[in-house]
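# Structural overview for review
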Amino acid sequence: MIYEYDKEVDGLYIWFVENLEEELRNYEKELWPEELKNEIGLLFDKNGRLLGMEIMPASKYFEQAKINKFPTRADL
């Protein structure tokens, strides 16, 4: 798994893949289920395979000190 934090939007991305750049080439859509309060999105590839999830606002669910330790996209 790969963790990525976007400080500008307070978004935490948890990717269930080995090679993020390669898998993102096949990215197709995201779903924001109402049952997850439209705060946790599921990210899918063109074949319907779950690539990861996005949590916004991350600071609502995790301690800020912990999520600040996660890398940003530029760090990956």
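Note that this is a predicted model, so its numbers are computed, not measured.

What follows deals with the packing of aromatic side chains. Inspection of every chain in the model, using the stated rule, returns two aromatic pairs. Centre to centre, the rings of Tyr 3 and Phe 70 are 5.0 Å apart; their planes meet at 15°, and the pair counts as stacked. Residue Tyr 3 is found in strand β1 (residues 2-6), and its partner Phe 70 is found in the segment after α3 (64-67); the two are separated by 67 residues along the sequence. Residue Phe 70 is classed as partly exposed on the basis of its relative accessible area of 25%.

Next up on the list: the pattern of salt bridges. Considering all chains together, one arrives at four salt bridges under this definition. A salt bridge links Arg 73 to Glu 4, with the nearest nitrogen and oxygen atoms 2.7 Å apart. With Arg 73 in the segment after α3 and Glu 4 in strand β1, this residue pair connects regions lying 69 residues apart in the sequence. Since its relative accessible area comes to 39%, Arg 73 is described here as partly exposed. A salt bridge links Arg 49 to Asp 45, with the nearest nitrogen and oxygen atoms 3.7 Å apart. Judged by its relative accessible area of 41%, Arg 49 falls in the partly exposed class. By sharing partners, the salt bridges in this structure join Glu 23, Asp 45 and Arg 49 into a single network.

This brings us to the sheet that holds β1. Spatially, five strands are ordered β1-β2-β5-β4-β3 in an open sheet, and the strand pairing comes out antiparallel. Of all the strands in the sheet, the pair left with one neighbour each is β1 and β3 (27-31). Direction aside, the axes of adjacent strands within the sheet are offset by 20° on average. As paired elements, strand β2 (residues 11-15) and strand β5 (residues 50-55) share four bridges and run antiparallel to each other. Each residue of the ladder has a partner; that of Leu 12, found in β5, is Ile 55.

Side chains of Met 1, Tyr 3, Phe 16 and Leu 50 sit close together on the surface and give an oily, nonpolar patch of about 380 Å² of accessible area. Position of Leu 50 among the secondary structure elements: in strand β5. Note on Leu 50: relative accessible area 35%, which makes it partly exposed.

Calculation notes
- Residues numbered from 1 in each chain as written.
- Predicted model: local features only at pLDDT ≥ 70, side-chain atom pairs only at ≥ 80, totals over all residues.
- Heavy atoms only, no water.
- Phe/Tyr/Trp six-rings, centres within 6.5 Å; stacked < 30°, edge-to-face > 60°.
- Helix = DSSP H or I, 4+ residues; strand = E, 2+ residues; numbered from the N terminus.
- Buried < 20%, exposed > 50% of the residue type's maximum accessible area, 1.4 Å probe, protein only.
- Salt bridge = Lys/Arg side-chain N within 4 Å of Asp/Glu carboxyl O.
- Pairing = 2+ DSSP bridges.
- Axes fitted to C-alpha atoms, helices over the stretch in contact; angles between N-to-C directions.
- Patch = residues over 30% accessible without salt bridge, like charges linked within 9 Å, V, L, I, M, F, W, Y side chains within 5 Å.
- Areas by Shrake-Rupley, 256 points an atom, 1.4 Å probe, with all protein chains shown as cover.

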